[in-house]
Amino acid sequence: MASTLNAPLGSRGGHFFFLFVLVVQALLLSSQVTTERGDAVLRGLIVALLSPFQRGAEAVVGGARSTWNGYVDLRGVREDNQRLREEVARLEQVVWLERDLVASYRRLSGVLELAERLPYEPIVAEVIGLDASAWFRTITVNQGKNRGVVLNAPVVAAGGLVGRVISLGPDVAQIQLLTDRDCAVGALLTRTRNRGIVAGSGEQSSPSGLLLNYVSNLQDVVEGDPIVTSGIDGIYHKGIAIGRVASVRNGPRLFKTITVEPAAKLARLEEVFILPVVGDIEITEQVE
Amino acid sequence: MKFLEIALAILVAFLVQTVLGRYFAFLNVYLDLFTVVAATFGLLRGRMVGLCTGTAAGLLQDAFSGGLLGFNGMSKTTVGYLAGIVGHHLIIRGWSTRLLFFVGATLLDMAILAGVGRLAEQPRVLGEGLTPLYLCVGNAIAGILLLGRVDRNRSSEIL
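Each residue is numbered by its place in its chain's sequence as written, counting from 1. In the order they appear in the text, chains get letters beginning with A and ligands get numbers beginning with 1. Selection of residues for local features in this predicted model requires a pLDDT of at least 70, selection of side-chain atom pairs for listing and counting requires 80 or more, and totals for whole chains, interfaces and linings are taken over all residues. Think of the side-chain values as coming from all heavy atoms in the structure, minus any hydrogens and water.

Participant: Could you clarify how one ought to interpret the interface of chain B and chain A in this entry?
Facilitator: Many structure descriptions define interface size as the accessible area lost when the parts assemble. By definition, residues are in contact when any of their heavy atoms lie within 4.5 Å. Each side of the interface is counted separately: chain B has 35 residues, and chain A has 32 residues. Counting the surface lost from both chain B and chain A, the interface buries some 3000 Å², and carbon and sulfur atoms represent 74% of this. One speaks of a salt bridge when a side-chain nitrogen belonging to Lys or Arg is within 4 Å of a carboxyl oxygen belonging to Asp or Glu. Our enumeration of links across chain B and chain A arrives at 0 salt bridges. Of all the secondary structure elements, the ones that give two or more residues to the side of chain B that touches chain A are α1 (2–23), α4 (47–65) and α5 (71–89) of chain B. In DSSP terms, a helix is any run of H or I states spanning at least four residues, a strand is any run of E spanning at least two, and both are numbered starting from the N terminus. Per element, the largest residue contribution to the side of chain B that touches chain A is 11 residues, and it comes from α4(B). Residues are sorted three ways: Asp, Glu, Lys and Arg are charged, Ala, Val, Leu, Ile, Met, Phe, Trp, Tyr, Cys and Pro are nonpolar, and all the rest, Gly among them, are polar. Classifying every residue of the side of chain B that touches chain A by side-chain character gives 23 nonpolar, 8 polar and 4 charged. Put simply, buried area is how much 1.4 Å-probe accessible surface two parts lose in total, over both of them, once they are put together.

Participant: What is the right way to read the pattern of salt bridges from this model?
Facilitator: A side chain of one charge can pair with a side chain of the opposite charge when the charged atoms of the two come close. Residues and elements named next belong to chain A. This structure, assessed with the given rule, holds 7 salt bridges over all chains. Residue D80 pairs with R83 through a salt bridge whose shortest N-O separation is 3.6 Å. Of this pair, D80 and R83 both sit in helix α3 (residues 37–117), 3 residues apart, which is roughly one turn of that helix. The buried label goes to any residue with under 20% of its type's maximum accessible area, the exposed label to any with over 50%, and the partly exposed label to all in between, with areas taken from a 1.4 Å probe on protein chains only. The exposure class of D80 is partly exposed, given its relative accessible area of 36%. Here D225 makes a salt bridge to R191, at a shortest N to O gap of 2.7 Å. Residue D225 is found in the loop between β8 (210–213) and β9 (226–229), and its partner R191 is found in the loop between β6 (184–189) and β7 (195–200); the two are separated by 34 residues along the sequence. Judged by relative accessible area, D225 falls into the buried class, the value being 3%. When its relative accessible area of 42% is taken as the criterion, R191 is described as partly exposed. Salt bridges sharing common partners tie together R191, D220 and D225.

Participant: Explanation requested: the sheet that holds strand β3 (residues 154–157) of chain A in the structure shown.
Facilitator: Each strand in a sheet pairs with its neighbour through backbone hydrogen bonds, running either in the same direction (parallel) or in the opposite one (antiparallel). Residue and element names in this part refer to chain A. As summarised here, the arrangement of the 6 strands in space is β1-β2-β5-β4-β3-β12, forming a closed barrel in which the pairing is antiparallel. When strand polarity is set aside, the average angle formed by the axes of neighbouring strands in this sheet is 45°. Here, a strand pair is defined by DSSP locating no fewer than two bridges between the strands. Two strands pair when backbone bridges link them, and strand β1 (residues 123–130) and strand β12 (residues 271–274) are joined in this way by 4 bridges, in the antiparallel orientation. Looking across to β12, one finds that V124 is bridged to F273. Each axis is a line fitted through C-alpha atoms, and for a helix only the stretch in contact is used; angles between axes span 0 to 180 degrees, taken between their N-to-C directions.

Participant: What is the right way to read the environment of Q61(B) from this model?
Facilitator: All names here are of chain B. Along the chain, the position of Q61 falls in helix α4. Each C-alpha atom, one on Q61 and one on L33, is 9.9 Å from the other, the two residues being 28 residues apart in sequence. Once you skip the residues sitting within four places of it in the chain, Q61 turns out to touch D32, F34, N72 and K76. In the analysis that follows, any N or O atom pair within 3.5 Å is treated as a polar contact, provided that within protein one partner can donate a hydrogen and the other can accept it, and provided that, for residues neighboring in sequence, both atoms belong to side chains. A distance of 3.4 Å separates the side chain of Q61 from the side chain of D32, its partner in a polar contact.

Participant: I would appreciate a short explanation of the packing of helix α3 (residues 33–45) of chain B against α5(B) in the present structure.
Facilitator: For any two helices packed against each other, one specifies the crossing angle of their axes together with the interaxial distance. All names here are of chain B. Between α3 and α5, whose axes approach to 7 Å, the crossing angle comes to 30°. Considered as vectors, α3 and α5 are oriented roughly parallel to each other. Relative to α5, the crossing made by α3 is right-handed. For the pair α3 and α5, the contacting residues are F34, T35, A38, A39, G42 and L43 in the first and K76, V79, G80, A83, G84 and G87 in the second. When its residues are assigned to classes, the contact of α3 with α5 shows 6 nonpolar, 5 polar and 1 charged. Throughout, the term roughly parallel applies to angles under 35 degrees, roughly antiparallel to angles over 145, roughly perpendicular to angles from 65 to 115, and oblique to all others. Rotating anticlockwise by less than a right angle from the far helix to the near helix defines a left-handed crossing, while the corresponding clockwise rotation defines a right-handed one.

Written as structure tokens, this is what we have:
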């Protein structure tokens, strides 16, 4: 081969050889256009001969590239870590917001359901202030005289009774909660129809803040008994859910000591309904 | 020695185009080292060496390009052979004449590829816009470097 290449072919001989090579390749080309057989054999041979070199070079280049990428990746890990931490913090905030939205939806669904069940037009008010004491006994809402709110109007929320209006401004009203020591509500145990008075406990004797007083030791009262307003106090409509008996035991004198779990979530009020003053309408019991 | 030198040059061209080209796509767009090798050895070693180098390089390129065998074979054979004739009649010295030489070799290669592709009813897309120009420039730079290298080897052989 080397001697052939070194031998000085004559000009004409060289041209003929060149043409010969071209013709051979043209024939090769045309044979591939019509049939694939020559292609497969020759191409397979060339590929088989040179593939090992290609694979070896690929391994070297691939290894070098992999090492380099590993180094570059390592350098980026710190930035990625910081970025991901920030992303996690942001997403946590988003999750909390979403949870808050879901809770609001559930709460408002309850409010809406109650509003639909009330037999008269309530005034919807939003809680804008709480008593500054540790146990909230009064709340302030954003509706007052201008919207027709009057003193002693009963106030309910999703779940049950909240309290009554004890002071008024043009656009605000203060509401005394059931748990206030000075609050008292005529109550009725719906299972036995026994009567009593629900009053705020001042938190010492009842963790829930409510007691059911003046129920005789001889009466049948069990935990879980529903309690509604009796209507005899002249303030609250009859049949509004107050809560359930949380615990009951015989007292030292004539009456039982009964603690009551309020039906309304008094510590977490956001919207309330101010009802008209007592008339002759009863509403459906709403004890859950 | 001459044969090994050519074989090594073709092998390097092959590896650069097929292996490095996977990671650096511009190598396959702006560089055709098979043309450069055929033209370089044709210019320095004569038309027969150019012919054989071009044939081997072209067929190798065809084998690994997925196209029909003979497309690049014919073009590189022609480039190598004509480079040998040019080298026999003209003195290609200095970077500017060498640049023109490789640009011409690249254009010839592209023209043959286009012509043969037309005849075989398999038209080749030789690049859009300025791509052929970049290919000419890339080949010229690679050719000048390779030519300088082979030229030095050749001088040391003579000495």
